[in-house]
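Structural features, examined
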Amino acid sequence: MRHLKIKTPAVIASSVLLGCSIIISIIASPATTAAVPGALSPGPNDGRIAYVTARLLEEFHYSQQPLDAEMSERFLDGYIETLDPRRENFLQSDIAGFAHYRTNLDRLTITTRGIADLTPAFEIYQRFLERLREHDAYVEDLLKHGKFKFTGSDRILIDRRHAPYPKDLDEAKQLWRDQLRYQYLQEKLSRELSATNDNAVIALSKTAPADIAETLAKHYRWNFHMATNWDSTDVLQAYLNAMAHAYDPHTDYLNNQHAQDFSINMSLSLFGIGAQLTEDDGYCTISKILRGGPADKSRQLNEKDRIVAVAQGGKPPVDVVDMELGKVVQLIRGSKGTEVRLTISPAADRTARHVVTLTRDEIKLEDSEAKAKLIEMPNGHGGTNRIGVIDLPSFYATIDLPGSASHSVKSTTTDVAMLIKKLEQEKVDGIILDLRSNPGGSLEEAIKFTGLFIKDGPIVLARSPDGSVKVDADTDSSVLYGGPLAVLINRFSASAAEIAAAALQDYGRAIVIGDISTHGKGTVQNLNPLGPYMPTATNDPGTVKITIRKFYRVSGASTQLKGVVPDIILPDVFNYSPDIGETALENPLPWDTIPSVKYDKLNLVEPFLADLRLHSEARVMSNQDFAYIQQDIQQFKKMQADKTASLNEREQIKERRANQARQKARDKEREARQASGMKTYEITVKNSEQPGLPEPMSLTTTTNHASGATYDYDSNFDSYFKTNGEASSDSAFARTNKITSAGSTSAVAAATDKKSPPPDPALTEAEHILEDYISLLSASRTLIAR
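Residues numbered from 1 in each chain as written. Predicted model: local features only at pLDDT ≥ 70, side-chain atom pairs only at ≥ 80, totals over all residues. Heavy atoms only, no water.

Turning to the overall build of the protein chain, a few remarks are in order. Summing up its helical and strand segments, the protein chain has 20 helices and 26 strands in all. Looking at the 786 residues of the protein chain, the share that counts as buried comes to 53%. If you take every contact in the protein chain between residues at least 6 apart in sequence, the share linking residues at least 24 apart comes to 76%. (Helix = DSSP H or I, 4+ residues; strand = E, 2+ residues; numbered from the N terminus. Buried < 20%, exposed > 50% of the residue type's maximum accessible area, 1.4 Å probe, protein only. Contact = heavy atoms within 4.5 Å.)

Looking now at the sheet that holds strand β18 (residues 485-489). Pairing is mixed in the open sheet, where seven strands are placed in the order β22-β19-β18-β15-β14-β13-β24. Across the chains shown, the open sheet's two edge strands, defined by having one partner strand only, are β22 (568-569) and β24 (679-684). Here five bridges tie strand β14 (residues 384-391) to strand β15 (residues 430-434), and the two strands are oriented parallel to one another. Bridged to G388 within β15 is I431. (Pairing = 2+ DSSP bridges.)

Moving on: the packing of helix α5 (residues 119-145) against helix α6 (residues 169-192). Close contact between α5 and α6 brings their axes to 10 Å; oriented N to C, the two are set at 55°. Compared by their axis directions, α5 and α6 come out oblique. Crossing geometry of α5 relative to α6 is assigned as right-handed. Side by side, α5 and α6 meet where R131, E134, H135, Y138, V139, L142 and L143 of the first sit next to L169, K173, W176, R177, Q179 and L180 of the second. Looking at the contact of α5 with α6, its residues break down into seven nonpolar, two polar and four charged. (Axes fitted to C-alpha atoms, helices over the stretch in contact; angles between N-to-C directions. Parallel < 35°, antiparallel > 145°, perpendicular 65-115°, else oblique. Left-handed = near helix turned anticlockwise from the far one by under 90°. Nonpolar A, V, L, I, M, F, W, Y, C, P; charged D, E, K, R; others polar.)

Now for the packing of aromatic side chains. According to the stated counting rule, one finds 13 aromatic pairs in the structure shown. Ring geometry for Y125 and W230: centres 5.1 Å apart, planes at 5°, overall stacked. Residue Y125 is located in helix α5, and its partner W230 is located in the loop between α7 (208-228) and α8 (232-245); the two are separated by 105 residues in the primary sequence. Centre to centre, the rings of F395 and F449 are 5.2 Å apart; their planes meet at 85°, and the pair counts as edge-to-face. Taken together, the positions of F395 in the loop between β14 and α12 (412-425) and F449 in helix α13 (residues 443-451) put the pair 54 residues apart, joining distant regions of the chain. Of the two residues, F395 and F449, neither departs from the other in class, the shared state being buried. (Phe/Tyr/Trp six-rings, centres within 6.5 Å; stacked < 30°, edge-to-face > 60°.)

So, on to the nonpolar core. In this structure, Y79, F90, I390, I431, L433, F453 and V487 are the most contacted members of the largest nonpolar core, which totals 92 residues. Discounting chain neighbours no more than four positions away, the residues touching Y79 are P120, A121, I124, Y125, V235, A238, Y239 and A242. (Core = buried A, V, L, I, M, F, W, Y, C linked by side-chain atoms within 4.5 Å.)

Another point: the packing of helix α2 (residues 69-83) against α8. For the pair α2 and α8, interaxial distance at closest approach is 8 Å and the crossing angle is 135°. In this view, α2 runs oblique relative to α8, as classed from their interaxial angle. The two elements α2 and α8 meet at a crossing, and its hand is right-handed. Touching F75, G78, Y79 and T82 of α2 are V235, A238, Y239, A242 and M243, all from α8. Residue composition of the contact of α2 with α8, grouped by class: seven nonpolar, two polar and no charged.

Okay, the side chain of R160 next. For R160, the location among the structural elements is in the loop between β3 (155-157) and α6. No salt bridge is formed by the buried R160; the nearest opposite charge belongs to E88, separated by 5.4 Å. A distance of 3.1 Å separates the side chain of R160 from the backbone oxygen of P164, its partner in a polar contact. Ignoring sequence-local partners within four residues, the contact set of R160 consists of R86, R87, P166, L175 and Q179. (Lys, Arg positive; Asp, Glu negative; His and termini not counted. Salt bridge = Lys/Arg side-chain N within 4 Å of Asp/Glu carboxyl O. Polar contact = N/O pair within 3.5 Å; in protein donor to acceptor, adjacent residues only side chain to side chain.)

This next bit is on the pairing of strand β13 (residues 371-378). The buried count for β13 comes to six of eight residues, which makes it a mostly enclosed element. Pairing between β13 and β14: eight bridges, direction antiparallel. Opposite P378, over in β14, you have T384 as the bridge partner. Here β13 folds back onto β14 in antiparallel fashion, the turn holding five residues, of which G380 has a positive phi close to 85°. Where β13 meets β24, six bridges bridge the pair, whose relative direction is antiparallel. Residue pairing across strands places K371 opposite T684, the latter belonging to β24.

A separate point is the pattern of salt bridges. In this structure the tally under the stated criterion is 42 salt bridges. Here E134 makes a salt bridge to R131, at a shortest N to O gap of 3.0 Å. Here the residue E134 and the residue R131 both occupy positions in helix α5, the gap between them amounting to three residues, near one helical turn. Judged by relative accessible area, E134 falls into the partly exposed class, the value being 30%. By sharing partners, the salt bridges in this structure join D94, R127, E130, R131 and E134 into a single network.

Turning our eyes to something else, we now look at α13. The α-helix advances 3.6 residues per turn, and as a result positions three or four apart in sequence lie on the same side. Of all nine residues in α13, seven are buried; the element is thus mostly enclosed. Listed in full, the buried residues belonging to α13 are L443, E445, A446, I447, F449, T450 and G451. At its buried positions, α13 is contacted by α12, β15, β16 (457-463), β17 (469-474), α14 (496-506) and β21 (543-552). The N-terminus of α13 is capped by S442, whose side-chain oxygen sits 3.4 Å from the backbone nitrogen of E444.

What follows is about a nonpolar patch on the surface. On the surface, a cluster of nonpolar side chains totalling about 240 Å² of accessible area is made up of I516, V565 and I569. Here I516 shows up in the loop between β19 (511-514) and β20 (523-529). Since its relative accessible area comes to 38%, I516 is described here as partly exposed. (Patch = residues over 30% accessible without salt bridge, like charges linked within 9 Å, V, L, I, M, F, W, Y side chains within 5 Å. Areas by Shrake-Rupley, 256 points an atom, 1.4 Å probe, with all protein chains shown as cover.)

What follows deals with α12. Taking 1.5 Å of rise per residue, 14 residues should cover 20 Å, and α12 covers 20 Å from first to last C-alpha, within 8% of that figure. Backbone nitrogen of T413 and a side-chain oxygen of the N-cap are separated by 3.3 Å at the start of α12; the cap is S411. Just past α12, the residue K427 takes up positive phi, approximately 60°. (Expected span 1.5 Å × (residues − 1).)

Let us now look at the environment of T536. With respect to the helices and strands, T536 occurs in the loop between β20 and β21. Each C-alpha atom, one on T536 and one on N45, is 9.1 Å from the other, the two residues being 491 residues apart in sequence.

Turning our attention to the side chain of R181. Mapped onto the secondary structure, R181 falls in helix α6. Among all residues touching R181, those that are not within four sequence positions of it are F148, K149, F150, D154 and L647.

What follows deals with the environment of E134. Between the C-alpha atoms of E134 and L169, which are 35 residues apart in sequence, the distance is 9.1 Å. In this structure E134 touches L169 and W176, once residues within four positions along its chain are discounted. Polar contacts involving the side chain of E134 include one to the side chain of R131, which spans 3.0 Å.

This part covers the confidence of the model for the protein chain. Of all residues in the protein chain, 83% have pLDDT values of 70 or greater, and the mean over the chain is 84. Across residues 5-37, where pLDDT falls below 50, the model places 82 contacts with residues more than four positions away in sequence or in other chains. Confidence over residues 700-754 falls short of pLDDT 50; this stretch has 153 contacts with residues more than four positions distant or in other chains. (pLDDT = per-residue confidence, 0-100.)

Quick look at the structure:
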């Protein structure tokens, strides 16, 4: 066992989650970091937190890379990018001014005193605030006095992630002006184009320019408020996360708030009031009351009510207007059985105020559990086929952080087993495991989940920094389901989802169908709470999530970078995006191979794969929804090549009308299609033990995956990637698909679509492939029997 070599008299032992190992640490007495000029300065424990985090990364990260000058460069670049990802606020002179830190952050972080010097973190943040104030003041002046024309040939670069920083303030102001012109034009078009009349231009009122200016000013004021409302904890979070990401994109520093969010996402439960909250014009607003929770039982809260103050026990209320939503959430959450008092501004009367007292309880996030659908469709011979689809959003499992209340035990495998048993009771002919947009989760659950479909045997290999290889195997020789099986994946399927898909493919147990590859995350992380290293800390110092091993398939190939390539690839816009997958992230670990292990290959797919591909290719070629996807792919390629948007109003109107006409033609064609005669029954973990089936799903209910999304090319190019995909406990995915926990559950709750669900051609084709596979298997078994 390795030890952190920190000279000091006291010794503390700390358990590490997932790895189940013990870390021994020597603890030094905390000291105070030198004051940093500016509005913010480090907290009393922040220097020690940074030092211990750096030492843990050096000691336990898979790469065994010291924090040296090379890592310092990555560290600095990552922190600057965190603050200014679109390269629109810092000037080139600012970046040059930070150059003296470029190869020195290592020495400033790992010091002989055991206390990091955090001057760079706060100095750079302070400069960012200065530029942001200049940006905000310039925009405010333009909105008051500027006049915008949209008749020329100007274009604006939408995706600035790789653009140079403005060389001086004049160039920055030109950039800010162009950005504001673009935003003004989008707001103007949204008001003057009729959404119901082929985008006919509607004459705007005389007050429209002032109204548009006020809308944009309000937007800028809120963004400025959020960026300048950081405290020292927020600065430390961003700074140490940049240091962690210098090692790889899945290593993270999690302050107490982020660590609790991680635990909630993995455990599918939290302790709070049972309400989904969102931010609306600076107010924490209730967007949904969860059935059976304290808020629901109180009968004193309603959707759209605003929470304006929060009080704990006998303490005075804290004003939460204009407070960052995540911080309001932390005030509302708490231990089970404790009291919280909410000052409410009701939706029915904004001038009124009343206090609602609630007792916190455990809230189970059932919407994020595994679910199943039984799809009943005509077989073309007067009968019906029954296909089961298991939709698995993540590989969840209970994770309790030290010092926090214990969650109810939750297991992916247990839930999926209940769904499989129900599907078998209903005599399905085959099952599809839908792992699209599944970001991973628990390694143990992925292994047990895969074991439901095979006899005992190795599932995944894990190599440690010292080169030793651990074989993680399914030791249960029983098979819960041995029938025809398919796995549906996309480019957002990652980590544990890739382990399961790869094992079922290597064993020849299931057909893998979907995008050109999965995400390519082939690493395992564990959680290292910092509390045991800092026994005198006044607040929770947070947790470090560290990459400690790499995954390999039983065949010996890593899933890192390359992911899992399906047996049958389906068309998808995401197949052509360079901004999705492990290769798009900063500092990923490399792909490699190790010797394979012995396993019993079932070979249930390979004999039929050529026929399955031929049949699938023919269907895809003649399928109208895939034809639409091919059109979208061509449009997407044009966007990739250009990455700019016109500032000419006529061109924008023409483009919007073309997009609307295209979408209306598609909707009309889809509405004219003959009914398929298909029935879909939704099965949940809760109702799986009830006899019979629920009523068939209505047309207004759907599970929406990225592959089934309708693409909106009229939207901002950069946000296109940031609004597709699903929530993840892994911050690398959260950085791309930003969904944060709010209120007592997710702030971005999946809204119920009142329209007909968008088609999901990938799932439909997977159903057809499985039907073909069932038919070929049946014919093969008949021949063998004869």
